[in-house]
2 protein chains.
Amino acid sequence: MDKKLDAIFAALADPTRRAILAMLLEDDMAVTDVAAPFAMSLAAISKHLGILSDAGLIARDRRGRVIWCKLEPDGLRAASVWMQGFGQMDVMDLDAFEAFLETGDALADQEGLENQSP
Amino acid sequence: MDKKLDAIFAALADPTRRAILAMLLEDDMAVTDVAAPFAMSLAAISKHLGILSDAGLIARDRRGRVIWCKLEPDGLRAASVWMQGFGQMDVMDLDAFEAFLETGDALADQEGLENQSP
DNA sequence: GCAATCGTCAACCATTTGGTTGAATATAAT
DNA sequence: ATTATATTCAACCAAATGGTTGACGATTGC
């Protein structure tokens, strides 16, 4: 139960992984496309995605030979709850965030990347 | 500027350090008293405090031979700003948090520990 | 069938991390 | 002055982290 927080904060502690999360906030992406902007190997990015996935911050979904990565809407909840207890302050509206991710603009213009045939 | 976030999230990724922060939320504490509940050496705790301090999450203030540790009210700001941008949501009211720390109950009953002569 | 693409796995490497112990420093108390 | 207390420092250690490369398994397209 503490392990979850460990994993989340450790995942957030790396700038590459934070950048990946920021990219996924705008669009679901294939692993190769996630890796493209970074000056490191695909295998390294694959490891980062594994860490983000283990922390519950993203999910990976295989479609054909392409694996699509997307944000896990509930992923930040544990961290937010801890921060809430820490600061005794208003924390974020995670339910609104989930709604935002699932129905909102973030995932709307996915055709910016190549289309996979359904 | 990214390094700051690295340091903050890395600091939060360790359960001992999160526990220390939770303790300091209730009271300013001397290093020895911080270390007391943990099953590790004082030197190890001293290192953890150094990491928290480098991350800007706590401040250490020497008074006599005792070093008092207290939360740095502004310490979580960068992390909160990042999360805010990430989720596009309210994260926390840090100004209220600062007010809470500086004038509120948290630091009020410090006489629970031994008094240092002024 | 055969070749190209997508992604992971395994082995390796250097660096960082989280802990230990023992010595060193600074202040306080007797 | 001596002794005790509070804390850090330095050297060391095992394990984890972040990266590399090359081989591998799946899937697609010709």
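It should be noted that the structure appears before, not after, this text.
Chemist: What is the right way to read helix 4 (residues 42-54) of chain A from this model?
Modeler: Turn by turn, an α-helix covers 3.6 residues, leaving residues three or four places apart pointing in a common direction. Residue and element names in this part refer to chain A. When the terminal C-alpha atoms of helix 4 are compared, their 18 Å separation across 13 residues agrees well with the 18 Å that a helix rising 1.5 Å per residue should span. In this structure, the buried side of helix 4 is in contact with helix 1 (2-12), helix 2 (15-26), helix 3 (31-35), strand 2 (58-63) and strand 3 (66-71). Count one or two residues on from helix 4 and you reach G56, which has phi positive near 80°.

Chemist: What is the right way to look at the protein's contact with DNA strand C in this model?
Modeler: Around DNA strand C lies a shell of 21 residues, among which T32(A), S46(A), S41(B), K47(B) and H48(B) are the nearest. Looking at DNA strand C alone, sugar and phosphate atoms form 71% of those within 4 Å of the protein. Separating a phosphate oxygen of DNA strand C from a backbone N or O atom of V31(A) is a distance of 3.3 Å. At 2.3 Å from a base oxygen of DNA strand C is found a side-chain nitrogen or oxygen belonging to K47(B). Of all the elements in the fold, those that place two or more residues in the surface near DNA strand C are helix 3, helix 4 and strand 3 of chain A together with helix 4 (42-54) of chain B.

Chemist: How do you make sense of the side chain of R18(A) when you look at a structure like this?
Modeler: Mapped onto the elements of the fold, R18(A) is located in helix 2. Within polar-contact distance, the side chain of R18(A) engages the side chain of D6(B) at 2.7 Å.

Chemist: How should the environment of P73(A) be read in this particular structure?
Modeler: Considering the arrangement of structural elements, one finds P73(A) in the loop between strand 3 and helix 5 (77-87). Residues P73(A) and G56(A), spaced 17 residues apart in sequence, show a C-alpha to C-alpha distance of 9.1 Å.

Chemist: I tried to follow the pattern of salt bridges on my own but got confused; where do I start?
Modeler: Note on pairing: side chains with opposite charge can pair once their charged atoms come close. Evaluation of the coordinates by the stated rule reveals six salt bridges over all chains. The partner of D2(B) in a salt bridge is R18(A), and the shortest N-O contact between them spans 3.5 Å. Of this pair, D2(B) sits in helix 1 (residues 2-12) while R18(A) sits in helix 2, which puts the two residues in different chains. Looking at D2(B), the relative accessible area reads 40%, which means it is partly exposed. Looking at R18(A), the relative accessible area reads 3%, which means it is buried. Put simply, R77(A) and D74(A) hold a salt bridge, and the shortest N to O gap is 2.6 Å. When its relative accessible area of 37% is taken as the criterion, D74(A) is described as partly exposed. Within the structure, one salt-bridge network assembled from shared partners comprises D2(A), D6(A) and R18(B).

Chemist: Where do I start with the pairing of strand 3 of chain A in this structure?
Modeler: Two faces, one strand: in a regular strand the side chains alternate between the faces of the sheet. All names here are of chain A. Bridge analysis of strand 1 (residues 29-30) against strand 3 gives two bridges, and the strand direction is antiparallel. Bridge pairing in strand 3 links M29 to C69. As paired strands, strand 2 and strand 3 are joined by six bridges and run antiparallel to one another. In the strand pairing of strand 3, R63 is matched with V66.

Reading the values: the criteria
Residues numbered from 1 in each chain as written. Chains lettered and ligands numbered in written order. Predicted model: local features only at pLDDT ≥ 70, side-chain atom pairs only at ≥ 80, totals over all residues. Heavy atoms only, no water. Helix = DSSP H or I, 4+ residues; strand = E, 2+ residues; numbered from the N terminus. Expected span 1.5 Å × (residues − 1). Contact = heavy atoms within 4.5 Å. Near = heavy atom within 4 Å. Polar contact = N/O pair within 3.5 Å; in protein donor to acceptor, adjacent residues only side chain to side chain. Salt bridge = Lys/Arg side-chain N within 4 Å of Asp/Glu carboxyl O. Buried < 20%, exposed > 50% of the residue type's maximum accessible area, 1.4 Å probe, protein only. Pairing = 2+ DSSP bridges.

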